Amino acid sequence: MKGLSYVQKTAIPYLILLALSLASISVTTTVFFDQFVLSNIQKELISETTLAAESLEDNPFLTEIDDEAKHIAEITSNRVTIILADGTVIGESDRNALGMDNHLLRPEVQAAINGKPEPFIRTSFSMHQRYIYVAAPIYNKQTIIGVVRLARSLESFDATIAKFRAVLIITASISLLIALIFMFLQTSKRFNPLRKISEAIFSSSEGELKTISGKSRNDEIGLLISSHNAQAERINLQIQNLRNERTKLSAILFNMTDGVILVNAQGFVTMINPSAQRLFQTNFQADKDNTLIEVVRQHQIVDLWQLTLKSGKTQNTTIQTSMEKDNVQVIGSLLGPILPGEVLLLFQDLTLLRKLETVRKDFISNISHELRTPLASLKALTETLQNGAINDPKVSNHFLSQMDEEIDNLTQIVTEILELSKIESGKVPLSKKLCTVNDLVTRPVERMRMQAERAGIMLDAVFAEGLPKIDVDIVRIQQVFVNLIHNAIKFTSPGGTIKVSAFLKDQSIHFSIADNGIGIPPADLKRIFERFYKTDPSRSSSGTGLGLSISKHIVEAHDGTLWVESTMGFGSTFTFCIPISQNKS
Ligand code: ADP
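A. Representation of the pairing of strand β5 (residues 143-153). Note: strand β1 (residues 79-84) against β5, 6 bridges, orientation antiparallel. Within β5, the position partnered with Val80 by the bridge is Leu150. Relative to β5, strand β4 (residues 130-140) is paired through 10 bridges, and the arrangement is antiparallel. Paired with Tyr139 across the bridge in β5 is Ile144. Hairpin geometry of β4 and β5 is characterised by an intervening segment of 2 residues between the two adjacent antiparallel strands and by a positive phi of about 50° at Lys141.

Laid out in structure tokens, this is it:
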């Protein structure tokens, strides 16, 4: 029964039982019918034989016996044989009696001689058919003078029985077939809900279990369906919750700025998030069998993983993953009983933080330095005045003007710091209006020309006529020009030139301030836009280090970009671009 469906397992025993019942009914019926008909034939034959024997008692010498035999055969429709008491056949209805062998030892003849006619069935050698034989004694004055034997062919009986059997077999087979079909339909119908349940369990769509719809029923199947539906809804809800959780988790992992790598006890990476992929510049996917060293290519990390695994405690270290990322903190923690043997490696890129910290430290040291210088000279001037210089009007006037200059310096620093912090926090509203390039460039260039001439530097402005107008805060953009020209003057030796130009490129007006001054060391190029950053503080003592930072913020507030190109000893070119206004005029 292994491998059969439940429907087949249920139906087959009943079908076998039905087949056995039908077979036994058929056999019993056939046997009964066979015996019934045969015994009737036998009874009939016995009485016919007895009657024939009695009729032959009138013919004590048994003359014209062949005719007698034929006569009896005609009346009874049997084969008739008349035999003397010594077994000699003297009369025969169907054959010639002469030449027939002695019949004394035939069992029916023996039975007749013993006075008890009995039926015997056997195949006739002469007729090659099954016959039923009955013989009865012929008496003459109490003495048996002979025997009359009647034989009836069983051919039609056998044919009838065979037909009967065939009818029975056909009927039983048809019944069995009908029962089979009926049972199959019935059991299929009965088991259909069960099949639906198992289909619903196995054919889950996108991991969700299907519920079964249909008429509600009050039987066991109905109970099974309703409990399946309730279970499926519960499981689907849990699956949905899990899916939401998983989506949330993967969204977190995907968008996390920190790198995450999960390593199993064998050292294979089972999960890696995009930040970690970027950090280690790898396309590795966690569905491949890659070891930690193949993914991160750093022994320090593998050592940290092993230490975490061995100690069972959180470990951390700092590594460098590339030139730019030189301060990456790695924290290894064992995921404990939830994921035995798995270690979570968290990579926090602290490069920017450290840089900001450095900028902050620089800011504080710079600001103190910048403030200390004018304050120290103020203090010195005040002390000198207190120590008597105040009584000398000439000296005191000179000191006072120096003090005034230092106070201006201090005011400048404080103003610039405040300005920068306001711009950085976006608190400065821009009062934009459409301006021509001329409106923007001419005034600051004129303002700075005097200063440049004093420093022995040529300042020139070159730009084409008819450039599109741009929508800007004129005061702020002019401030950018002043800052950049001021720097150019500061870092260009006498005899140098500064060229201010404007041109149209990529839907933006590009402004460039190019000098042929000392240039900027390549390592400092990226940092000069940071607050208080100075390439060489000793060389650029006059200045706060805030000018470029302020300028960059102003340009970016106008959706523009400020950048620098410089070659040491040949000069620097600061360029900023402002997108041209949509509403040109
Ligand atoms: P500062 O007030 O010191 O000029 P900035 O932010 O304007 O501050 O400039 C930052 C630093 O960038 C300067 O200290 C200087 O080292 C460098 N720098 C700016 N402009 C130039 C230039 N045209 N040539 C050379 N170095 C420059």
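B. Quick peek at the site of the ligand. Neighbouring the ligand are 20 residues, the closest being Asn487, Lys490, Asp515, Thr535 and Leu548. In the environment of the ligand, an oxygen atom lies 2.7 Å from a nitrogen or oxygen atom belonging to the side chain of Asn487. Asp515 is positioned with one of its side-chain polar atoms (N or O) 2.9 Å from a nitrogen atom of the ligand. Taken by itself the ligand offers 530 Å² of open surface, and the protein chains cover 98% of this. Elements supplying a minimum of two residues to the shell around the ligand: α12 (474-490), α13 (547-557) and β17 (571-579). Sort the elements by how many residues they give to the shell around the ligand and α12 lands first, with 3 residues. Here the shell around the ligand is composed, by residue class, of 8 nonpolar, 9 polar and 3 charged.

C. Up close: the environment of Thr351. Positionally, Thr351 belongs in helix α9 (residues 351-386). We classify Thr351 as buried; its relative accessible area is 8%. Taking the C-alpha atoms as reference points, Thr351 and Lys325, 26 residues apart in sequence, are found 5.8 Å from one another.

D. Highlighting the domain arrangement of the protein chain. Partitioning the protein chain into structural domains gives domain 1 (9-159), domain 2 (256-349), domain 3 (354-425) and domain 4 (433-579). Computed over C-alpha atoms only, the centres of domain 1 and domain 2 are separated by 108 Å.

E. Geometry of the sheet that holds β17. As summarised here, the arrangement of the 5 strands in space is β12-β14-β15-β17-β16, forming an open sheet in which the pairing is mixed. Each edge of the open sheet carries a strand with a single partner, namely β12 (458-463) and β16 (561-567). Between one strand and the next, the sheet's axes are offset by a mean angle of 15°, whatever the strand orientation. Lying on the sheet, helix α11 (residues 437-454) is in contact with β12, β14 (497-505) and β15 (508-515); it crosses β12 at an angle near 170°.

F. Looking closely at α13. Looking only at α13, the buried set comprises Gly547, Leu548, Ser549, Ile550, Ser551, Ile554 and Val555. Tucked inside the fold, the buried residues of α13 contact α10 (393-424), α12, β16 and β17. Looking one or two residues past α13, Asp559 carries a phi angle of roughly 60°, positive in sign.

G. Quick peek at the packing of α9 against α10. Two elements in contact, α9 and α10, have axes whose closest approach is 10 Å; the angle formed by their N-to-C orientations is 160°. Viewed along their axes, α9 and α10 adopt a mutual orientation that is roughly antiparallel. Seen from above, α9 lies across α10 with left-handed handedness. Here Ile367, Glu370, Leu371, Pro374, Leu375, Ser377, Leu378, Leu381, Thr382, Thr384 and Leu385 of α9 lie close against α10, whose contacting residues are Ser396, Phe399, Leu400, Gln402, Met403, Glu406, Ile407, Leu410, Ile413 and Ile417. In terms of residue class, the contact of α9 with α10 is made up of 14 nonpolar, 5 polar and 2 charged.

H. Region of the structure containing the pairing of strand β9 (residues 328-334). Counting buried residues in β9 gives 6 out of 7 residues, a clear majority hidden from the surface. Strand direction decides the pairing type here: strand β8 (residues 315-319) and β9, joined by 5 bridges, are antiparallel. What sits directly across from Asn316, in β9, is Ile331. Two elements, β9 and strand β10 (residues 343-349), share 7 bridges in a ladder whose sense is antiparallel. Residue pairing across strands places Ile331 opposite Leu346, the latter belonging to β10.

I. Quick peek at the pattern of salt bridges. Tallied over the full model, the rule gives 13 salt bridges. Put simply, Lys379 and Glu383 hold a salt bridge, and the shortest N to O gap is 3.8 Å. With Lys379 and Glu383 both in helix α9 and 4 residues apart, the pair spans about one turn of that helix. Here Arg527 makes a salt bridge to Glu530, at a shortest N to O gap of 3.0 Å. Residue Arg527 is classed as partly exposed on the basis of its relative accessible area of 22%. Residues joined in a network through salt bridges with shared partners are Glu44, Glu48 and Arg152.

J. The arrangement of helix α4 (residues 155-202) in detail. Phe191 marks where α4 bends most, by close to 45°; the proline Pro193 follows one to four residues later. Taken together, the buried positions of α4 are occupied by Phe157, Ile161, Leu168, Ala172, Ala179, Thr187, Ser188, Phe191, Pro193, Ile197 and Ala200.

K. Local environment of the packing of α10 against α13. The N-to-C vectors of α10 and α13 enclose an angle of 30°; their axes lie 10 Å apart at closest approach. Considering the angle they form, α10 stands roughly parallel to α13. In this structure, α10 meets α13 at a crossing whose hand is left-handed. On α13, the residues touching Glu416, Glu419, Leu420, Ile423 and Glu424 of α10 are Gly547, Ser549, Ile550, His553 and Ile554. Class assignment of the residues belonging to the contact of α10 with α13 gives a composition of 4 nonpolar, 3 polar and 3 charged.

L. Examining the nonpolar core more closely. Grouped together as the largest cluster of nonpolar side chains are 49 residues, with contacts concentrated most on Leu440, Phe481, Ile485, Phe511, Ile513 and Phe576. With 8 residues, α12 is the single largest residue contributor to this core. Mapped onto the domain boundaries, this core takes at least three residues apiece from domain 3 (354-425) and domain 4 (433-579). Each residue touching Phe481, except ones within four places of it in the same chain, is listed here: Leu440, Val441, Pro444, Val500, Phe511, Ile513 and Phe576. Core analysis: the next-biggest nonpolar cluster, separate from the first, contains 22 residues, Ile41, Val134, Leu154 and Phe157 among them.

What counts, and at which threshold
- Residues numbered from 1 in each chain as written.
- Predicted model: local features only at pLDDT ≥ 70, side-chain atom pairs only at ≥ 80, totals over all residues.
- Heavy atoms only, no water.
- Pairing = 2+ DSSP bridges.
- Helix = DSSP H or I, 4+ residues; strand = E, 2+ residues; numbered from the N terminus.
- Near = heavy atom within 4 Å.
- Polar contact = N/O pair within 3.5 Å; in protein donor to acceptor, adjacent residues only side chain to side chain.
- Areas by Shrake-Rupley, 256 points an atom, 1.4 Å probe, with all protein chains shown as cover.
- Nonpolar A, V, L, I, M, F, W, Y, C, P; charged D, E, K, R; others polar.
- Buried < 20%, exposed > 50% of the residue type's maximum accessible area, 1.4 Å probe, protein only.
- Domains from an automatic or database assignment.
- Axes fitted to C-alpha atoms, helices over the stretch in contact; angles between N-to-C directions.
- Contact = heavy atoms within 4.5 Å.
- Parallel < 35°, antiparallel > 145°, perpendicular 65-115°, else oblique.
- Left-handed = near helix turned anticlockwise from the far one by under 90°.
- Salt bridge = Lys/Arg side-chain N within 4 Å of Asp/Glu carboxyl O.
- Bend = angle between axes of the 7 residues up to and from the residue.
- Core = buried A, V, L, I, M, F, W, Y, C linked by side-chain atoms within 4.5 Å.

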